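Summary of the model geometry
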Amino acid sequence: MSRIGKKPVPILSGAKVVVSDHLVKVEGPKGKLELKVHPAVDVKLDDAKKELVVTRHDDEKPSKALHGLTRALLNNMIIGVTQGYQKSLEIQGVGYKAELRGKELVLLVGFANPITVLVPAGLAVTTEGGRINVSGPDKQLVGMFASEVRKVRKPEPYKGKGIRYVGEVVKLKPGKAVTGTTGAAK
């Protein structure tokens, strides 16, 4: 049996879960999420213990994979609607900056024109100085949007300029000047 899939998902206080057929709806203070569950697995709500139990029909390899995946997705949903998820990015470079205009994130990161990224519904984005904070209840949506913003100008390996996650270590390469003049003409 799947090690992750056999663990019950605890329902945190503040979260309200409704299971109907193969659709699970989770609602909490941070928002609402829903998941259409694959027919190979079943989700049962245990009100007495306040937990969700995920079971599968057979021991085929795809069913085992879906068992653990479904349990992990449900756990992420419950944590998301109660506590939320957050990713922070930092911008490094002279003249590089980000600003929020309505539902658009405008990035000035060394290109001739500013780059505009549309903020998806359900996410909260804030900018302060050289930092961009992305938060929301959906773990996948938060991660994907942060990844798209980082992809606009990845950190380059010589000076480290670009957009990176807070705490990300960018290994810098030595430039031509550092290598020395061992082969200079005499």
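Details of the structure are given in the entry above.
These remarks concern the structure in this document. (Residues numbered from 1 in each chain as written. Predicted model: local features only at pLDDT ≥ 70, side-chain atom pairs only at ≥ 80, totals over all residues. Heavy atoms only, no water.)

Take the overall build of the chain next. A tally of helices and strands in the chain yields 3 helices and 13 strands. In terms of overall size, the chain is more extended than a compact globule, its C-alpha atoms giving a radius of gyration of 23 Å where 186 residues would be expected to give roughly 16 Å. Expressed as a percentage of the 186 residues in the chain, the buried residues total 33%. Excluding contacts between residues fewer than 6 apart, the proportion of contacts in the chain whose partners are at least 24 apart in sequence is 51%. (Helix = DSSP H or I, 4+ residues; strand = E, 2+ residues; numbered from the N terminus. Rg over C-alpha atoms; globule rule 2.2 N^0.38 Å. Buried < 20%, exposed > 50% of the residue type's maximum accessible area, 1.4 Å probe, protein only. Contact = heavy atoms within 4.5 Å.)

To continue, consider the pairing of strand β10 (residues 115-118). Here strand β9 (residues 104-108) runs beside β10; their pairing, made up of 4 bridges, is antiparallel. Paired with L107 across the two strands is I115, which belongs to β10. Here β9 folds back onto β10, and the loop between the two strands holds 6 residues, one of which, G110, carries a positive phi near 90°. (Pairing = 2+ DSSP bridges.)

Once that is clear, we can look at the nonpolar core. Taken as a class, soluble globular proteins show a tendency for nonpolar side chains to be buried jointly. By size, the foremost hydrophobic cluster in this structure holds 20 residues, and its most contacted members are I91, L105, L107, I132, V134, F145 and V149. At the level of elements, β7 (85-92), β9, β12 (131-136) and α2 (139-152) are the ones that each hand at least two residues to this core. Sequence-distant contacts of F145, that is, excluding residues within four places in its chain, are made with L105, V117, L118, V119, P120, L123, V125 and V134. Within the second largest apolar cluster, 17 residues are counted, among which are V17, V37, V41 and V81. (Core = buried A, V, L, I, M, F, W, Y, C linked by side-chain atoms within 4.5 Å.)

To continue, consider helix α1 (residues 61-82). For α1, with 22 residues, the first-to-last C-alpha span of 33 Å sits near the 32 Å given by 1.5 Å per residue. Within α1, burial applies to S63, H67, G68, T70, R71, L74, N75, M77, I78, G80, V81 and T82. Positive phi appears at G84, one or two residues downstream of α1, with a value of about 85°. (Expected span 1.5 Å × (residues − 1).)

What the 3 strands build is an open sheet, ordered β8-β9-β10; its pairing is antiparallel. Edge strands, defined here as strands with exactly one partner in the open sheet, are β8 (97-101) and β10. Between one strand and the next, the sheet's axes are offset by a mean angle of 25°, whatever the strand orientation. (Axes fitted to C-alpha atoms, helices over the stretch in contact; angles between N-to-C directions.)

With antiparallel pairing, 4 strands are arranged side by side in an open sheet as β11-β12-β7-β13. Strands at the two margins of the open sheet, each flanked by one partner only, are β11 (124-128) and β13 (162-165). Pairs of neighbouring strands in the sheet enclose a mean axial angle of 20°, with direction left out of account. Contacts from α2 reach β7, β11, β12 and β13, with the element oriented near 5° to β7.

Let us now look at the packing of aromatic side chains. Aromatic ring pairs are defined here through the distance separating the ring centres and the angle between the ring planes. Applying the stated criterion across every chain yields a total of 0 aromatic pairs. Between the NZ or CZ atom of K87 and the centre of the ring of Y165, over which it lies, the distance is 5.3 Å. (Phe/Tyr/Trp six-rings, centres within 6.5 Å; stacked < 30°, edge-to-face > 60°. Lys NZ or Arg CZ within 6 Å of the ring centre and 35° of its normal.)

Shape descriptors only; they carry no functional weight alone.
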